[in-house]
Amino acid sequence: MKESIAAKLRQLTLRLEELNGLLSSEHATDSMDSYRKLTREYAEITPVVDLYTLYRRSEDDMRAAAEMADDPAMREFAETEIKEARARLDQLEADLQKELLPKDPNDERNIFLEVRAGTGGDESALFAADIFRMYARYAERKKWQVEIMSQSQSELGGYKEVIARIAGAGAYSKLKFESGGHRVQRVPTTETQGRIHTSACTVAVLPEVDAVADVVLNPAEMRIDTFRASGAGGQHINKTDSAIRITHLPTGIVVECQDDRSQHKNKARALAVLAARIKDQQVREQNQKTAATRKSLIGSGDRSERIRTYNFPQGRVTDHRINLTLYKIAAIMEGDLDELTGALSSEHQAEQLAALGEETQAA
């Protein structure tokens, strides 16, 4: 193992001991924000230190076996032990390298999922509804909560736009590579002559932010308008100005929320979505600055970038970023996304490992 990696692991071991002391202190919960940060760091470090403990134990086993090899009667047994210990060390070192890769600080966050119809008229809106349902079914499988924040339905029952909050452990880590253009090829229900049409929708996955800590929302930079909600909701919802539209003047970002009868709740929801969009814009601007040095294999996450095609006649789904085609479109549309999300995560990890190798060689 390289000394730079070993030094990092020793440092993490000491930090874990420090965290143990801090979390067991009687004042640990005096500040819940601080307590949450410490417990999150503890959860991130513990698996790495556990692996490093196993690594050091395997090193001790190999040294003990090497000493036994001096005894002719024990040589054959010792050589077998050395071989097994070396294999364990190689595997543990590879696992440790993966654990030491830069962690996305947003991975454990809840998300805002935004799906918008694109080219293709009514069929595009119906496809947007199918895509939203696909993610909702995936969330059900993960036992995550799905709450629709805002929706604009089309005449045929699709979505011109739908925004939902998905709350659950690791939601962002699983779905963060879903942002981009999704294309469908199929015979629409409105097609009388059986012709295949192509339409599209866009998906945006934004990590939910701690509004106070991550994004400062200055009231002087926001214009807040109230208006009467449209669409379904009964008589009450149309008699009160419960709907909220917030315009963030510096960025031009506009958020509307009208799904709740309470103006207060609509405002809180709109502010949460606004904070997430501002943070997302900041992150994308930063990524564009660094993209020239290294472009991720998973793509830029640009909303206009076509990332996936759903071909119903052929029963296939193709992710264009990693050239992966799966012939299980029915299962995927029912939320069976683990194979897709797993492949995207693995490709991203391989890219990170390659970058880590280049950095190590340069050093």
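Before any of the text, the structure's been laid out above.
An account of the accompanying structure is given in this report. Keep in mind the model is a prediction, meaning the values are calculated, not measured. (Residues numbered from 1 in each chain as written. Predicted model: local features only at pLDDT ≥ 70, side-chain atom pairs only at ≥ 80, totals over all residues. Heavy atoms only, no water.)

Here we take up the pattern of salt bridges. According to the stated counting rule, one finds 24 salt bridges in the structure shown. The salt bridge partner of Glu147 is Arg269, with a shortest N-O separation of 2.6 Å. Of this pair, Glu147 sits in strand S2 (residues 145–153) while Arg269 is found in helix H8 (residues 263–290), placing the two residues 122 residues apart along the sequence. A residue is classified by how much of its surface remains accessible, and Arg269, at 17% relative accessible area, is buried. (Salt bridge = Lys/Arg side-chain N within 4 Å of Asp/Glu carboxyl O. Helix = DSSP H or I, 4+ residues; strand = E, 2+ residues; numbered from the N terminus. Buried < 20%, exposed > 50% of the residue type's maximum accessible area, 1.4 Å probe, protein only.)

Looking at the element boundaries, Gln352 is found in helix H10 (residues 338–362). In the structure, Gln352 is positioned 250 residues away from Pro102 in sequence and 8.1 Å away in space, judged by C-alpha atoms. Not counting residues within four places of it along the chain, the set of residues in contact with Gln352 comprises Leu101 and Pro102. (Contact = heavy atoms within 4.5 Å.)

Most of strand S7 (residues 243–248) sits out of view: 5 of its 6 residues are buried. Pairing of strand S6 (residues 222–227) with S7, which is carried by 6 bridges, proceeds in the antiparallel orientation. Bridge pairing in S7 places Arg223 opposite Thr247. Note that S7 and strand S8 (residues 253–257) share 5 bridges and pair antiparallel. From the neighbouring strand, His248 faces S8, where its bridge partner is Ile253. What sits between S7 and S8 in their antiparallel hairpin is a turn of 4 residues, with Gly252 showing a positive phi close to 80°. (Pairing = 2+ DSSP bridges.)

Another point: helix H2 (residues 32–68). Because each turn of an α-helix spans 3.6 residues, side chains separated by three or four positions end up pointing in the same direction. For H2, with 37 residues, the first-to-last C-alpha span of 53 Å sits near the 54 Å given by 1.5 Å per residue. Along H2, the helix axis deviates most sharply at Ile45, where the bend reaches about 30°; the proline Pro47 sits within four residues downstream. Each element contacted by the buried residues of H2 is listed here: helix H1 (3–23) and helix H3 (75–99). (Expected span 1.5 Å × (residues − 1). Bend = angle between axes of the 7 residues up to and from the residue.)

Pairing in this open sheet of 8 strands is mixed, and the strands run S2-S3-S1-S5-S4-S9-S10-S11 from one edge to the other. The outermost strands of the open sheet, each flanked by one partner alone, are S2 and strand S11 (324–326). For this sheet the average axis-to-axis angle between neighbouring strands, irrespective of direction, equals 15°. Relative to strand S3 (residues 159–167), strand S1 (residues 111–117) is paired through 6 bridges, and the arrangement is antiparallel. Directly across from Val115, in S3, lies its bridge partner Val162. Of the strands in this sheet, S1, S2, S3, strand S4 (180–186), strand S5 (197–207) and strand S9 (306–311) touch helix H4 (residues 121–141), which is tilted by about 110° from S4. (Axes fitted to C-alpha atoms, helices over the stretch in contact; angles between N-to-C directions.)

Next up on the list: unusual backbone geometry. With phi around 60°, Lys143 is a residue other than glycine that occupies positive phi space. Here Lys143 lies in the loop between H4 and S2. With relative accessibility at 72%, the residue Lys143 sits in the exposed group. Of note, Asn323 is a non-glycine position whose phi angle comes to about 50°, a positive value. Along the polypeptide, Asn323 turns up in the loop between strand S10 (316–319) and S11.

The next point concerns the packing of aromatic side chains. Counting across every chain of the model gives 3 aromatic pairs. Considering the side-chain rings of Phe127 and Tyr310, the 5.6 Å spacing of their centres and the 65° angle between planes classify their relative orientation as edge-to-face. Here Phe127, found in helix H4, pairs with Tyr310, found in strand S9; they are 183 residues apart in sequence, far enough to count as distant. Considered together, Phe127 and Tyr310 belong to a single accessibility category, that of buried residues. The ring of Phe312 carries Arg186 above its face, with NZ or CZ at 5.2 Å from the centroid. Between Arg245 and the ring centre of Phe227, over which it is positioned, the NZ or CZ distance is 4.5 Å. (Phe/Tyr/Trp six-rings, centres within 6.5 Å; stacked < 30°, edge-to-face > 60°. Lys NZ or Arg CZ within 6 Å of the ring centre and 35° of its normal.)

We now examine the side chain of Arg109. Tracing the chain through its elements places Arg109 in the loop between H3 and S1. Arg109 gets classed as buried once you look at its relative accessible area, which sits at 13%. In this structure the side chain of Arg109 is engaged in a polar contact, spanning 3.2 Å, whose partner is the backbone oxygen of Glu208. (Polar contact = N/O pair within 3.5 Å; in protein donor to acceptor, adjacent residues only side chain to side chain.)

Let's shift gears to the nonpolar core. Counting residues in each nonpolar core, the largest one holds 36 residues, and the members touching the most others are Leu113, Val115, Ile131 and Tyr310. Broken down by secondary-structure element, the contributors of at least two residues to this core are S1, H4, S3, helix H5 (171–175), S5, S11, helix H9 (329–333) and H10. The residues touching Val115, leaving out its near neighbours within four places in the chain, are Ala128, Ile131, Phe132, Lys160, Glu161, Val162, Cys201, Thr202 and Val203. Formed by 19 residues, the second largest nonpolar core is a distinct cluster that contains Ile163, Met222, Val273 and Leu274. (Core = buried A, V, L, I, M, F, W, Y, C linked by side-chain atoms within 4.5 Å.)

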